[in-house]
Amino acid sequence: MQRRSLITAAALAPVAALAQARTTRIVVPFAAGGPIDVTARILAERVKDTLGSVIIENRPGGGGNIGVDAVAKAAPDGLTLGIATTASHGINPWLFSKLPFDPAKDFAPITQMLRVPNVLVINADTAQRLNIQSLADLVKYAKANPAKLNYGSGGNGSAGHLAGEMFKNQAGIFALHIPYNGGNPAQLALLSGQVDFNFDNLATAAPNIRSGKLKALAVTTLERSAVMPEVPTVAETYKGFAIDTWWGLIAPAGTPRDVVNRLNVAFVDALKSTEVKTRFANLMAEPAPSTPEQFDDFMKRERSKYERVVKLSGAKVD
């Protein structure tokens, strides 16, 4: 029995050595230093004992389309992976008149990585001046004072813009949308009182919520966030309202099923680890490991949802 075990170990050694010698790259379709890049690097570090060397390649531009297109056109050998995001696989198919890839056909889903709740935040001074302390107060004020409220976002077609239009539609109110060139300028406009409220990423908004500069009225996930459980959801007032920020791992279409399964096991195990959960929590992110089928179904639902929301907003990039 011992001899057989030694033979088996010896036979597997070259396979393990080959796996360690091959380098997997994860194409991040945004610049280094952002939350998508940071979480990809956390996972790359965690799976190295299973997959061998994993490197991050940043390919920013085109709202994420350039990096994602590079993944679509890579060899389907399991050595080139990419990050699918709310933008690339939910919003952009309807925001751009033409994409260089087909989000439904050109990729093999591996697993969703995480979700980060978005949050409806109002300038604290504005909230006090207008006596808006809850979502109901905001809607009541907007109905009593038509066209007096405005909200900012990181640009036409951004998640913040679409969340605002969806909220206005379901609440039956009007607020002027003011697009900015990115999330940071939009947040600065809110802090300075140039706009009344925003739908912002919770990770970005949390420090200003905790400092008292912003007041959180509601989160946009179906369930309350574990990070700020005291903040209600929009869905508690408007059933089914759900817009959050998510991303996950994909491979080129045609990647063999056994390779996809092996990658899924490695990354799901990493996402379930205490270390990754802790590090993601520092980014206000919740791990969301899934099977390839679950991630594929999720992205289909997201495309369907954003088709309606983008048309509702009237946003177009080209």
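Summarised in this report is the structure supplied together with it. (Residues numbered from 1 in each chain as written. Predicted model: local features only at pLDDT ≥ 70, side-chain atom pairs only at ≥ 80, totals over all residues. Heavy atoms only, no water.)

**Structural notes on the sheet that holds strand 2 (residues 54-58)**
With mixed pairing, the 6 strands of this open sheet are ordered in space as 2-1-3-10-4-11. The outermost strands of the open sheet, each flanked by one partner alone, are strand 2 and strand 11 (286-287). Note that strand 3 (residues 80-85) and strand 10 (residues 245-252) share 4 bridges and pair antiparallel. Among the inter-strand pairings, glycine 82 is bridged to a residue of strand 10, identified as isoleucine 250. Running over the sheet, helix 4 (residues 65-72) touches strand 1 (24-28), strand 3, strand 4 (107-116) and strand 10 and is turned about 30 degrees from strand 10. Here helix 11 (residues 257-271) sits on the sheet in contact with strand 1, strand 3, strand 4, strand 10 and strand 11, set at roughly 10 degrees to strand 4. (Pairing = 2+ DSSP bridges. Helix = DSSP H or I, 4+ residues; strand = E, 2+ residues; numbered from the N terminus. Contact = heavy atoms within 4.5 Å. Axes fitted to C-alpha atoms, helices over the stretch in contact; angles between N-to-C directions.)

**Observations regarding the layout of surface pockets**
Regions of empty space are outlined by a rolling probe, equal in size to a water molecule, passed over the atoms. Volume-wise, the largest pocket comes out at about 1,100 Å³. The wall of the largest pocket is formed by 39 residues, among which Phe30, Ser158, Ala159, Gly183 and Thr245 lie closest to the centre. Broken down by element, the lining of the largest pocket gets its largest block of residues, 5 residues, from helix 5 (residues 86-95). Partitioned by chemical class, the residues of the lining of the largest pocket number 16 nonpolar, 21 polar and 2 charged. (1 Å grid on protein atoms, 1.4 Å probe; cavity = no way out; pocket = protein on both sides within 12 Å on 5 of 7 lines; lining within 4 Å. Points joined across faces, edges and corners; volume = space filled by probe spheres on them. Nonpolar A, V, L, I, M, F, W, Y, C, P; charged D, E, K, R; others polar.)

**A short note on empty space enclosed by the protein**
Under the defined criterion, the tally for this structure stands at 1 cavity of 30 Å³ or more. What the largest cavity holds in volume is close to 30 Å³. If you trace the largest cavity, you find it lined by Pro35, Thr39, Val116, Asn201, Ala203, Trp247, Leu283 and Ala285. Grouping the constituent residues of the lining of the largest cavity by class yields 6 nonpolar, 2 polar and no charged.

**Quick look at the packing of aromatic side chains**
According to the stated counting rule, one finds 8 aromatic pairs in the structure shown. Considering the side-chain rings of phenylalanine 101 and phenylalanine 107, the 5.7 Å spacing of their centres and the 80 degrees angle between planes classify their relative orientation as edge-to-face. With centroids separated by 6.2 Å and ring planes inclined at 75 degrees, the aromatic side chains of phenylalanine 167 and tyrosine 238 adopt a geometry described as edge-to-face. Of this pair, phenylalanine 167 sits in helix 8 (residues 159-171) while tyrosine 238 sits in the loop between strand 9 (214-219) and strand 10, placing them 71 residues apart in sequence. Across the pair, exposure class does not vary: phenylalanine 167 and tyrosine 238 are buried alike. Aromatic ring contacts, followed pair by pair, group Tyr151, Phe167, Phe197, Phe199, Tyr238 and Phe241 into a single cluster. (Phe/Tyr/Trp six-rings, centres within 6.5 Å; stacked < 30°, edge-to-face > 60°. Buried < 20%, exposed > 50% of the residue type's maximum accessible area, 1.4 Å probe, protein only.)

**A closer look at the pattern of salt bridges**
Enumeration according to the criterion identifies 14 salt bridges in this entry. The salt bridge partner of aspartate 69 is lysine 73, with a shortest N-O separation of 2.4 Å. We classify lysine 73 as exposed; its relative accessible area is 57%. (Salt bridge = Lys/Arg side-chain N within 4 Å of Asp/Glu carboxyl O.)

**A closer look at the sheet that holds strand 7 (residues 176-179)**
Here we have 5 strands laid out as an open sheet, ordered 7-6-8-5-9, and mixed in their pairing. In the strand order of this sheet, the two ends are held by strand 7 and strand 9, each with one partner. Between one strand axis and the next, the sheet turns by 30 degrees as a mean value, whatever way the strands run. Contacting strand 5 (118-123), strand 6 (150-153), strand 7 and strand 8 (197-201), helix 8 crosses the sheet at an angle of about 150 degrees to strand 6.

**With respect to the environment of serine 88**
Note on placement: serine 88 falls in helix 5. With relative accessibility at 1%, the residue serine 88 sits in the buried group. Linking serine 88 and glycine 62, residues 26 residues apart in sequence, is a C-alpha distance of 9.7 Å. Excluding its chain neighbours within four sequence positions, the residues that come into contact with serine 88 are Val68, Ile83, Pro93, Phe101 and Pro103. Polar contacts involving the side chain of serine 88 include one to the main-chain amide nitrogen of threonine 85, which spans 3.0 Å. At 2.8 Å, the side chain of serine 88 forms a polar contact with the side chain of histidine 89. (Polar contact = N/O pair within 3.5 Å; in protein donor to acceptor, adjacent residues only side chain to side chain.)

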